[in-house]
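Observations on the model geometry
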Amino acid sequence: MKKGRIAIVLAVIAGALIWVLARGLGGNLVYYKTPTEILRSGQTLVGQRVRLGGLVLPGTVQTKGRDITFVVSDETTRMSVVDSGGVPSLFRAGQGVVVEGYYGRDGAFHADTVLVKHSDNYTPPAPGVTPTSAHVTGG
Amino acid sequence: MSTAERMMGRLTARRGEKVLGLLAAAGVIATAVLGLWVTPPDADEGNVFRIIYVHVPSAWLAYLSFFIVFAASVAYLATKRIRWDRLAAASAEVGVLFIGLTLVLGSIWAKPTWGIWWTWDPRLTTTAVLFLIYVGYLAVRRLPDSPAKRARWSAAIGIVAFVDVPIVHLSVTWWRSQHQAPALLHVAPRMAASMAAGLLVGVAAFTLLYAYLVTFRLRVGRLEDRAISEALSPRLEPRSAPVEPPPTPPAPKEVSARG
């Protein structure tokens, strides 16, 4: 009885560890795909919710009505993104992003969530510049 | 040991504890002053960046706690001395508190910078698993069993569970993630010198805080064990035939279930 309960708890722990390892090593559970990978998978991805990661190409960010469009690049492939869910306040050209949504038949990525990927570099602002603090937007 | 001697022992123990507590408080205040006023804001993130001065030290404290759980568990299995089991228990409690704090602080930092409160990236997922594993560890410790058995089972889990700590730490280098890599752990830290200094002071302060909290929890653990053994044994004394002399406290092996 007591041993049984300990066995259950241990099984849960072991299960959690296996799950983590499976997430890390299993190819389907990669956190985001690059534009090249999405292009290579092509139509098999249509209709599947995926994450796309890369850099926002400078000069490509445009606002069209409620949508924001931009191009995400991994330095090999460029992929157009149409985002309908708004962007965080730190979103800007040249920044790393992870976008969530669907790869469309039109060859564009239709996103509803944009996550800004911050680099591991931290620097003080240039002399005389007051950085506009990042603030919570939306819910 | 006479009662007076025991009282003296307890008083000296508490003096060291007080010194640790004062040092930890001074360190935390120094971290707050450095983090909030002395260091500059980040060029990109502005003042939100300052949460790093508690987020990173919290994570460090949790790693340290779980390493001590691991080491104390090995020591218990090697020596079978209950004090190692008490140390593992105390350290795990502090670790769970601070890994939970790390998750909450990280989430508060993520919303204004990444744009979301939570995402299932490898770093966040493995950290959540780490939290759950050690909550499980504390749950196992509360199962009714003999102290020796409980200590043995806990030690086994305390050793195996530590596997997740390096996985958490290296997740950002092994796999693609939302979470950034450590900025401080480079030959030339990827942050301004004053920021790196503030972060190091934070790490030192939280290390002192860990030592204080574990010392405090160990004393409470010893008192708990003594209270239980004293509550269980003296009732038998007035009866006629003395089967065996009353156990000298602390005799934790005599203890059965704990509340």
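Residues numbered from 1 in each chain as written. Chains lettered and ligands numbered in written order. Predicted model: local features only at pLDDT ≥ 70, side-chain atom pairs only at ≥ 80, totals over all residues. Heavy atoms only, no water.

A look at the overall build of chain A
- Each helix and strand in chain A was counted, giving 2 helices and 6 strands.
- Secondary structure elements in chain A, listed N-terminal to C-terminal, are α-α-β-β-β-β-β-β.
- When each of the 139 residues of chain A is scored for burial, the buried share is 40%.
- In chain A, of all internal contacts separated by at least 6 residues, the share reaching a separation of at least 24 is 49%.
- Accessible surface computed for chain A: about 7600 Å², of which carbon and sulfur atoms make up 57%. (Helix = DSSP H or I, 4+ residues; strand = E, 2+ residues; numbered from the N terminus. Buried < 20%, exposed > 50% of the residue type's maximum accessible area, 1.4 Å probe, protein only. Contact = heavy atoms within 4.5 Å. Areas by Shrake-Rupley, 256 points an atom, 1.4 Å probe, with all protein chains shown as cover.)

A few points about the pairing of strand β6 (residues 109-117) of chain A
Residue and element names in this part refer to chain A.
- Direction of pairing for strand β4 (residues 78-83) relative to β6: parallel, over a ladder of 3 bridges. Pairing of V82 across the sheet is with H110, part of β6.
- Across 8 bridges, the pairing between strand β5 (residues 96-103) and β6 is antiparallel. Looking across to β6, one finds that G96 is bridged to K117.
- Hairpin connection of β5 to β6: 5 residues between the antiparallel strands, including G107 at a positive phi of 85°. (Pairing = 2+ DSSP bridges.)

Quick look at the interface of chain B and chain A
- Each side of the interface is counted separately: chain B has 49 residues, and chain A has 48 residues.
- Across the contact surface, chain B and chain A share 3 salt bridges.
- Inspection of the chain B/chain A interface yields 15 residue pairs in polar contact (both at pLDDT 80 or more).
- Every element with two or more residues in the side of chain B that touches chain A is listed here: α3 (82-113), α4 (122-141), α5 (147-161) and α6 (164-174) of chain B.
- Of all the elements, α4(B) adds the most residues to the side of chain B that touches chain A, at 7 residues.
- Along the lines of polarity and charge, the residues of the side of chain B that touches chain A split into 27 nonpolar, 13 polar and 9 charged. (Salt bridge = Lys/Arg side-chain N within 4 Å of Asp/Glu carboxyl O. Polar contact = N/O pair within 3.5 Å; in protein donor to acceptor, adjacent residues only side chain to side chain. Nonpolar A, V, L, I, M, F, W, Y, C, P; charged D, E, K, R; others polar.)

Some points on the layout of surface pockets
Residues and elements named next belong to chain B.
- Estimated volume of the largest pocket: approximately 720 Å³.
- Every residue lining the largest pocket is counted, 35 residues in all, and those nearest its centre are H55, V56, A59, R123 and H179.
- Counting only elements with at least two residues in the lining of the largest pocket, the list comes to α2 (52-79), α3, α4, α6 and α7 (193-232).
- Sorting elements by how many residues they give to the lining of the largest pocket places α3 first, with 8 residues.
- Here the residues of the lining of the largest pocket are counted per class, giving 23 nonpolar, 10 polar and 2 charged. (1 Å grid on protein atoms, 1.4 Å probe; cavity = no way out; pocket = protein on both sides within 12 Å on 5 of 7 lines; lining within 4 Å. Points joined across faces, edges and corners; volume = space filled by probe spheres on them.)

A few points about the side chain of R217(B)
- Mapping R217(B) onto the fold places it in helix α7.
- Residues within four places of R217(B) in sequence aside, it is in contact with A90(B), E93(B), R142(B) and E224(B).

With respect to a nonpolar patch on the surface
- Together, W19(A), V104(B), I108(B), W117(B), W118(B) and W120(B) give the surface a local cluster of nonpolar side chains, amounting to about 620 Å² of exposed area.
- Turning to its location among the elements, V104(B) is positioned in helix α3.
- Judged by its relative accessible area of 48%, V104(B) is partly exposed. (Patch = residues over 30% accessible without salt bridge, like charges linked within 9 Å, V, L, I, M, F, W, Y side chains within 5 Å.)

Observations regarding the pattern of salt bridges
Residue and element names in this part refer to chain B.
- If you walk through the whole model with that rule in mind, you get 11 salt bridges over all chains.
- Between D225 and R86 there is a salt bridge, and its shortest N-O distance comes to 2.8 Å. Residue D225 is found in helix α7, and its partner R86 is found in helix α3; the two are separated by 139 residues along the sequence.
- Owing to a relative accessible area of 9%, D225 belongs among the buried residues under this scheme.
- Taking the shortest distance from any N to any O, the salt bridge between E93 and R217 comes out at 2.7 Å. With E93 in helix α3 and R217 in helix α7, this residue pair connects regions lying 124 residues apart in the sequence.

Here's the deal with the packing of α3(B) against α7(B)
All names here are of chain B.
- Relative orientation of the contacting elements α3 and α7 amounts to 130°, with a least axis distance of 9 Å. Considered as vectors, α3 and α7 are oriented oblique to each other. Every pair of crossing elements has a handedness; the one defined by α3 and α7 is right-handed. Of α7, the residues touching α3 (which contributes R86, L87, A90, S91, E93, V94 and F98) are F206, L209, Y210, L213, V214, R217, L218, G221, R222 and D225. (Axes fitted to C-alpha atoms, helices over the stretch in contact; angles between N-to-C directions. Parallel < 35°, antiparallel > 145°, perpendicular 65-115°, else oblique. Left-handed = near helix turned anticlockwise from the far one by under 90°.)

A closer look at the nonpolar core
- By size, the foremost hydrophobic cluster in this structure holds 33 residues, and its most contacted members are F66(B), V69(B), L130(B), Y134(B), Y137(B) and V214(B).
- Taken together, the elements giving at least two residues each to this core come down to α2, α3, α4, α5, α6 and α7 of chain B.
- By residue number, the principal contributor to this core is α3(B), which donates 8 residues.
- Formed by 19 residues, the second largest nonpolar core is a distinct cluster that contains I38(A), V72(A), V81(A) and A111(A). (Core = buried A, V, L, I, M, F, W, Y, C linked by side-chain atoms within 4.5 Å.)

Quick look at α2(B)
- For α2(B), with 28 residues, the first-to-last C-alpha span of 40 Å sits near the 40 Å given by 1.5 Å per residue.
- Positive backbone phi, approximately 60°, marks K80(B), located one or two places after α2(B). (Expected span 1.5 Å × (residues − 1).)

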